[in-house]
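One letter stands for each residue in the lines below.
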Protein chains: 2
Amino acid sequence: MATNATGRRKIVVCKDLGATAMLLLTDRPDLEVVRWMEDRRCDRAWLLQNIAGASGVVVCFQDMVINTLSRILTYIRSGPNLRVVSTISVGYEHIDLQVMAEHKIHVGYTPDILTDAVADSTVMLALMASRRTDETSSFVKNNQWPDFNWTPSAFCGPQLSTTPFSPTRTVGFLGFGRIAHAVLRRLAGFGVTHCIYTPRPGAAPQPARDARLQALHGLVSVAPVDLPALARASDVLFVLAPGGAQTLHLVDAAFLRQMKPSGVLVNSGRGAVVDSAALAQALREGWIWGAGLDVLEEEPHVTAMHALVREPRCVVLPHLGSAALETRAEMTRLTARNVLAGVLGEPLPVALDYSTLV
Amino acid sequence: MATNATGRRKIVVCKDLGATAMLLLTDRPDLEVVRWMEDRRCDRAWLLQNIAGASGVVVCFQDMVINTLSRILTYIRSGPNLRVVSTISVGYEHIDLQVMAEHKIHVGYTPDILTDAVADSTVMLALMASRRTDETSSFVKNNQWPDFNWTPSAFCGPQLSTTPFSPTRTVGFLGFGRIAHAVLRRLAGFGVTHCIYTPRPGAAPQPARDARLQALHGLVSVAPVDLPALARASDVLFVLAPGGAQTLHLVDAAFLRQMKPSGVLVNSGRGAVVDSAALAQALREGWIWGAGLDVLEEEPHVTAMHALVREPRCVVLPHLGSAALETRAEMTRLTARNVLAGVLGEPLPVALDYSTLV
């Protein structure tokens, strides 16, 4: 295995993983660890300068520049040394998988781990959008509480949970994978009764799996439906589909016009599944009740002027679904272990199988 | 039964119940319904002017003035006609129960109904405080997302749910009644493992009930503890105790100093159970992680200058725990049915049994 001039294998770290995880790398005398230390995104010139001879590189979702860089570094600078790109994310849209496959560079990533943290924040967004927390916390901050003329309907929103006098609730999932299942488990405690979802195109029906989920959570039904039925029947609709051309703008004006006026849309998946302009119109014109978004197609170029940030019934968070201490600690450890295994020529703890993706 | 000059029994409505519930009263030719119609709180002069000869009165939690008014109206104006005070609330701190008992005036209220809506908002507050939504949504609104220098620890907070690598979570309840049980049911879906609570002073232990809850929700344990143990062991502490002298400032500086630095406090019960000044200090100095409050001892006199509203890790909502459409609709119907039954001399659908309270 190739080593650099100092006789040590080199790892370039574009994103500091924090003290605990970094020790897994910096404690080893057989490694040279070069890290970006500035309090801003790793810049391209720095990476190009340092990547020569590197065996591994650590990146994050934000390092979209890796598309370009990976080409450059693979062909020109890093030579045959580069064995692994380890990203601290479940997504890999920022990595050029063609180049990785061509040069047999392993890709480490962090799926599964963040399921629970994202499920927590997804349920939180459903509650916040229903219960209008943006409006009500602003009400307090704008000094309006002392003069609050309470009425039974003031600041009300649709109720996520069932009650004896409102005994059914249907939740819909656009994308019904691990995170959706974790969300459903949480919603069962709120008394949700019906679960519908759209299956992946071409996927075989899974009646046994659905029956198992139904029994496990004490639901009335779990069933696949087509997209129009998903829009029409969902009290809360969760977008948890992967990104890409197949899911681009599945939630568009036509979809939103079919939703219930009391319907709430939550997107914790990928921004581009939802047409932002259509959603803003849907909220402005009352086609649906509200929305909770952790992702937007325009992110991170989202400011106070964005049509959705301006909507009072739209909660917008800056892509922090996995931002729970326990989860992020485990994500950093796994990212370090992935890059370490890669540079040592060992199997990665969690490698992306890109053979079906390129 | 006494009637007024028009031969009809009179109901004074200090708080409009909305079209559907009001029809239950206004549709009846045998009733005279006098209502406060202005878009501000019912004022005292108006009530005194209209209460003469009334058989029933509808009030809300905000009509604190009823303490004084009920004395005045009972002794001077309404005479023996007043049979029922119907409040659209689960609380009755605003009603002078001594006077009610003395004159055998029934009190209608709306307990139980709002359990699920309050439980939803309580879980929401736990998530919002843990996951720092005030800070993160401000981050977006302050145009900081485009330049977000993502790090693994940025905007992280403690995770409500358990995960395979962080497998235990203890929730504590100060006040372990209906709403607490409804919160616990929801938290079970988040994988919470341990539940502790402080029993009501002098209450008999309920090991069978606790074992039933433990089995029902698949928890490791459900157990009573004393107040210091509750403070020390809770990852999230829920204040759901009733108000009054017995619970005043149970959560004080001494209590808060014993909590975990990662601990989150949620108050959906009564404001005065928590010492606001002590909580503000606890947040400012990092004794605990964060807080989510639907009630404060100073409410409604809470503005942007309030020490807790100024704390970035404190979510403050203006007492809207029950503000879900389905719940409020049912609360208004019950309030109307209570006042109606009272003036007709029938048993109230849900009467407060104040015999043990005065």
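If you check an unreviewed UniProt entry, chain A appears there as Glyoxylate reductase/hydroxypyruvate reductase from Mycena belliarum. Under the UniProt heading Sequence similarities (unreviewed entry), the entry covering chain A gives this text: "Belongs to the D-isomer specific 2-hydroxyacid dehydrogenase family."

(A) Up close: the packing of aromatic side chains. All names here are of chain A. This structure, assessed with the given rule, holds 16 aromatic pairs over all chains. Between F173 and F176, the ring centres sit 5.5 Å apart and the planes meet at 45°, which makes this aromatic pair tilted. By the burial criterion, F173 is buried, and F176 matches it. These aromatic residues form a ring-pair network of at least three members: F173, F176, Y197 and F238. The cationic tip of R313 hangs over the ring face of W289; the distance from NZ or CZ to the ring centre is 3.9 Å.

(B) Expanded view of the relation of the copies chain A and chain B. In the superposition of chain A on chain B (RMSD 0.1 Å, axial shift 0.0 Å), the rotation amounts to 180°. Look at the turn and shift together and you get a two-fold axis relating the two. Interface residue correspondence from chain A to chain B reaches 100%, placing this contact among same-surface, isologous pairings.

(C) Summary view of the packing of helix α5 (residues 115–131) of chain B against helix α7 (residues 178–188) of chain B. Residues and elements named next belong to chain B. One can describe the packing of α5 onto α7 by two numbers: an axis separation of 9 Å at closest approach and a directional angle of 55°. Between α5 and α7, the crossing angle belongs to the class labelled oblique. The crossing of α5 and α7 is right-handed. On the side of α5, the interface is formed by T115, D116, V118, A119, D120, T122 and V123, while α7 contributes R178, I179, A182, V183, R185, R186 and L187. By residue class, the composition of the contact of α5 with α7 is 7 nonpolar, 2 polar and 5 charged.

(D) Representation of the nonpolar core within the structure. Judged by nonpolar contacts, the single largest core of 126 residues is most densely connected at F173(A), F238(A), F173(B), F238(B) and L279(B). The element contributing the most residues to this core is α5(B), with 9 residues. Once residues lying within four places of it in the same chain are set aside, the contact partners of F173(A) are A180(A), V183(A), L184(A), L187(A), C195(A), I196(A), Y197(A), T198(A), L230(A), L237(A), F238(A) and L240(A). By size, the runner-up hydrophobic cluster in this structure holds 62 residues, among which are V84(A), A291(A), V302(A) and V339(A).

(E) Quick look at the side chain of S268(B). All names here are of chain B. Its place among the elements puts S268 in the loop between β10 (264–267) and α11 (276–284). Residue S268 is classed as buried on the basis of its relative accessible area, which comes to 11%. In this structure S268 touches V118, T122, L125, V239, L240, D294 and V295, once residues within four positions along its chain are discounted.

(F) Molecular detail of the domain arrangement of chain A. All names here are of chain A. For chain A, the assigned domains read domain 1 (9–112 + 326–356) and domain 2 (115–316). Taken residue by residue, the interface counts 8 residues in domain 1 and 5 residues in domain 2. Across the interface of domain 1 and domain 2, roughly 480 Å² is buried in total on both sides, 38% from carbon and sulfur atoms. The three residues of domain 1 that bury the most area against domain 2 are E93, D112 and T327, which together make up 66% of that side's buried surface. Scanning the region where domain 1 abuts domain 2 turns up 2 salt bridges. E93 serves as the salt-bridge partner of R270, at 2.8 Å between the closest nitrogen and oxygen. Taken together, the links from domain 1 to domain 2 amount to 3 residue pairs in polar contact (both at pLDDT 80 or more). Grouping the amino acids of the side of domain 1 that touches domain 2 by side-chain chemistry returns 3 nonpolar, 2 polar and 3 charged.

(G) Here's a closer look at helix α8 (residues 207–217) of chain B. Residues and elements named next belong to chain B. The set of residues buried in α8 consists of R209, D210, L213 and H217. Down the axis of α8, the sector holding all buried residues measures 100°, keeping them to one side. Those residues of α8 that are exposed and aimed more than 90 degrees away from the buried face are P207, A208 and A215. The inward-facing, buried residues of α8 abut α7, β7 (194–198) and β8 (221–224). Positive backbone phi, approximately 65°, marks G218, located one or two places after α8.

(H) Focus on the pairing of strand β3 (residues 54–60) of chain A. All names here are of chain A. Counting buried positions over the 7 residues of β3 gives 7, a clear majority of the element. As paired strands, strand β1 (residues 9–13) and β3 are joined by 4 bridges and run parallel to one another. If you follow K10 over to β3, its bridge partner there is A54. As paired elements, β3 and strand β4 (residues 84–88) share 5 bridges and run parallel to each other. Residue pairing for β4: V58 is matched across the bridge by S86.

(I) Summary view of the interface of chain A and chain B. With 81 residues of chain A at the contact, the number on the chain B side is 81 residues. When chain A packs against chain B, the two sides together hide about 6,700 Å² of surface, and 61% of this comes from carbon and sulfur. Contact with chain B buries area across many residues of chain A, yet R131(A), W145(A) and W150(A) alone supply 12% of it, more than any other trio. The salt bridge involving K141(B) is made with D134(A); its shortest N-O contact spans 3.0 Å. Counting the contacts that link chain A with chain B gives 38 residue pairs in polar contact (both at pLDDT 80 or more). Among the elements of the structure, α5 (115–131), α6 (133–141), α7 (178–188) and α12 (325–344) of chain A are those that each provide at least two residues to the side of chain A that touches chain B. Partitioning the side of chain A that touches chain B into residue classes produces 38 nonpolar, 23 polar and 20 charged.

The rules behind these values
Residues numbered from 1 in each chain as written. Chains lettered and ligands numbered in written order. Predicted model: local features only at pLDDT ≥ 70, side-chain atom pairs only at ≥ 80, totals over all residues. Heavy atoms only, no water. UniProt positions renumbered as here; feature names shortened; annotations may be inferred. Phe/Tyr/Trp six-rings, centres within 6.5 Å; stacked < 30°, edge-to-face > 60°. Buried < 20%, exposed > 50% of the residue type's maximum accessible area, 1.4 Å probe, protein only. Lys NZ or Arg CZ within 6 Å of the ring centre and 35° of its normal. Least-squares fit on C-alpha atoms with pLDDT ≥ 70 in both. Contact = heavy atoms within 4.5 Å. Axes fitted to C-alpha atoms, helices over the stretch in contact; angles between N-to-C directions. Helix = DSSP H or I, 4+ residues; strand = E, 2+ residues; numbered from the N terminus. Parallel < 35°, antiparallel > 145°, perpendicular 65-115°, else oblique. Left-handed = near helix turned anticlockwise from the far one by under 90°. Nonpolar A, V, L, I, M, F, W, Y, C, P; charged D, E, K, R; others polar. Core = buried A, V, L, I, M, F, W, Y, C linked by side-chain atoms within 4.5 Å. Domains from an automatic or database assignment. Buried area = accessible area lost by both parts, 1.4 Å probe. Salt bridge = Lys/Arg side-chain N within 4 Å of Asp/Glu carboxyl O. Polar contact = N/O pair within 3.5 Å; in protein donor to acceptor, adjacent residues only side chain to side chain. Arc of directions from axis to C-beta. Pairing = 2+ DSSP bridges.

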